[in-house]
Amino acid sequence: MKILIDANLSWRLVKLLIPTFPSIIHVERTGLPIPADDAMIWEWAKANDYIIVTNDEDFLNLSIQKGHPPKVILLRMGNQSTKNIARILLKHKADIEFVTADPNHGILEIY
């Protein structure tokens, strides 16, 4: 499973999550212009088979409009420290794996 961390989340998440999710990158490492707009990130993730991790509801709207891929993990927990976000994502590893593997699911919302 390949995970793309959106620009609205810290690049430091990669360092914290790479032991568990070895194919994880931050949007800043994609070669997209900075700042990249959501549509560009969406298309890059789709073309490169990445799941987008974000707290930006615009990706939920894109998923509703366009379907998946890419799949979206939407964090709905408000502002949290980077370490806490990493902890929550690790806690939901099984859920992330399920959504990744199931062709019928395109969105995972984590509260």
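Residues numbered from 1 in each chain as written. Predicted model: local features only at pLDDT ≥ 70, side-chain atom pairs only at ≥ 80, totals over all residues. Heavy atoms only, no water.

Visitor: Talk me through the overall build of the protein chain; I want residue IDs and the actual numbers.
Guide: Along the protein chain, the regular secondary structure elements total 5 helices and 5 strands. Moving toward the C terminus, one meets the helices and strands of the protein chain in the order β-α-β-α-β-α-β-α-α-β. For the protein chain, whose C-alpha radius of gyration is 13 Å, the value lies close to the compact-globule estimate of 13 Å for 111 residues. Along the first, second and third principal axes, the C-alpha set of the protein chain runs to 30 × 30 × 25 Å. A burial count over the protein chain gives 43% of its 111 residues as buried. Here the analysis covers contacts within the protein chain between residues at least 6 apart in sequence; of these, 49% occur between residues at least 24 apart. (Helix = DSSP H or I, 4+ residues; strand = E, 2+ residues; numbered from the N terminus. Rg over C-alpha atoms; globule rule 2.2 N^0.38 Å. Buried < 20%, exposed > 50% of the residue type's maximum accessible area, 1.4 Å probe, protein only. Contact = heavy atoms within 4.5 Å.)

Visitor: How would you summarise the nonpolar core if you had to cite specific residues and measurements?
Guide: Core analysis: the largest hydrophobic core is formed by 21 residues, its most contacted members being Ile5, Val53, Ile73, Leu75, Leu89 and Ile110. Those elements giving two or more residues to this core turn out to be strand E1 (2-5), helix H1 (12-17), strand E3 (51-54), strand E4 (72-75), helix H4 (82-91), helix H5 (93-101) and strand E5 (107-110). At 4 residues, the largest contribution of residues to this core is made by H4. Discounting chain neighbours no more than four positions away, the residues touching Ile73 are Ile51, Ile52, Val53, Thr54, Leu89, Ile96, Leu108 and Ile110. Counting residues in each nonpolar core, the second largest holds 15 residues, with Ala36, Trp42, Trp44 and Ala45 among its members. (Core = buried A, V, L, I, M, F, W, Y, C linked by side-chain atoms within 4.5 Å.)

Visitor: I'd like a rundown of the sheet that holds E5, residues and numbers included.
Guide: Adjacent strands of a sheet pair through backbone hydrogen bonds, lying either parallel or antiparallel. Taken together, 5 strands build an open sheet; the order of strands is E2-E1-E3-E4-E5 and the sheet is parallel. Among the strands making up the open sheet, the edge pair consists of strand E2 (23-26) and E5. Direction aside, neighbouring strands of the sheet carry axes that sit 20° apart on average. Two elements, E1 and E2, share 4 bridges in a ladder whose sense is parallel. Bridge pairing in E2 places Ile3 opposite Ile24. Running at roughly 130° to E4, H4 makes contact with E3, E4 and E5 of the sheet. Running over the sheet, H5 touches E3, E4 and E5 and is turned about 165° from E5. (Pairing = 2+ DSSP bridges. Axes fitted to C-alpha atoms, helices over the stretch in contact; angles between N-to-C directions.)

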